[in-house]
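# A structural walkthrough
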Amino acid sequence: MLYLGVNIDHVATLRQIRLAAYPDPVAIAPLVEKAGAHGITVHLREDRRHIQEHDVRRLRQSVTTRLNLELALSEDIIRIALEVRPDEVCLVPEKRQELTTEGGLDVLSQEKDITAIVKRFHEAGIKTSLFIDADPSQIEAAKRTKTDMIELHTGRYAEANDRTQDIEFERLREGAKVAASLGLQVNAGHGLNYDNTARIAAIPELHTLNIGHAIVARALFVGIEQAVREMLEVMHHGRKGQEPYHV
């Protein structure tokens, strides 16, 4: 079975543009779960551009599926995560000037520090994931940190044109095989939408896809529950090798 984690960051983005009290991402979460999503993902960034600390704390009290908290290698955010205790955390690279995460975490150059952080989360009973590119050397370094899982960065695949998308897809497929052979749970995400997800869903080693922006954008037209259901259909058709599901 392929699972869907829905990233609700951009519900908070809309709220923060006006510094309003709405739309409330915490109020969206149960609708996402009701529609069949298997988890809620949020990224508490250092600059607090969308999700706020109070959102994470409230989500911890309300999410009934699985709460996945994305965070940078920042002691401030790590301390919050250890206090809130989400079901799992995903360590990601983060730059203030970027619009969204631009690439995978360089585990090789930070292996010692990441290993220590993974250990802290494990001691608190929190599963860990590392957001990395589908590079065998990075995957092997991730395994050495004793992380539970990795999330393959699908951004380059999502942004590629027809000529290069096949190359990026093969890189992801081979990376998933390597990670699974090492005993890692393999997730994937970034830039996935209703047009490009089915192909990724067909990779048999993948456990969870984390998708956000496309679902929140689609919800403007059909509502959040229908947007989630449509993405689940896309994933189901892709995993089964069926004709693409068109929205």
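These numbers were taken from a predicted model, which means no experiment stands behind them.

Criteria and cut-off values
Residues numbered from 1 in each chain as written. Predicted model: local features only at pLDDT ≥ 70, side-chain atom pairs only at ≥ 80, totals over all residues. Heavy atoms only, no water. Helix = DSSP H or I, 4+ residues; strand = E, 2+ residues; numbered from the N terminus. Buried < 20%, exposed > 50% of the residue type's maximum accessible area, 1.4 Å probe, protein only. Pairing = 2+ DSSP bridges. Patch = residues over 30% accessible without salt bridge, like charges linked within 9 Å, V, L, I, M, F, W, Y side chains within 5 Å. Areas by Shrake-Rupley, 256 points an atom, 1.4 Å probe, with all protein chains shown as cover. Salt bridge = Lys/Arg side-chain N within 4 Å of Asp/Glu carboxyl O.

This paragraph deals with unusual backbone geometry. Omega for the peptide link from Tyr22 to Pro23 comes to -10°, which places this bond in the cis form. In this structure, Pro23 sits in the loop between helix 1 (9–18) and helix 2 (25–34). One non-glycine residue with positive phi stands out, namely Leu19, at about 50°. Within the secondary structure, Leu19 sits in the loop between helix 1 and helix 2.

For strand 7 (residues 185–189), a buried count of four out of five residues is recorded, marking the element as mostly surrounded by other parts of the structure. As judged from the four bridges shared by strand 7 and strand 8 (residues 206–211), these two strands associate in the parallel manner. By the bridge assignment, Gly189 is partnered in strand 8 with Asn210.

Okay, a nonpolar patch on the surface next. Nonpolar side chains collect at one region of the surface, where Leu220, Phe221 and Val222 lie side by side and expose about 360 Å² of accessible area between them. Its relative accessible area of 71% is what places Leu220 among the exposed residues.

Applying the stated criterion to the full structure yields 20 salt bridges. Its salt-bridge partner being Asp24, residue Arg58 comes within 2.5 Å of it at the nearest N-O pair. Of this pair, Arg58 sits in helix 3 (residues 53–62) while Asp24 sits in the loop between helix 1 and helix 2, and the two are 34 residues apart along the sequence. The closest approach of N and O atoms between Arg58 and Asp55, which form a salt bridge, is 3.6 Å. In this pair, Arg58 and Asp55 both sit in helix 3, three residues apart, roughly one turn of the helix. On the basis of relative accessibility, which here comes to 0%, the residue Asp55 falls in the buried class. When salt bridges that share partners are traced, they join Arg15, Asp24, Asp55 and Arg58 into one network.

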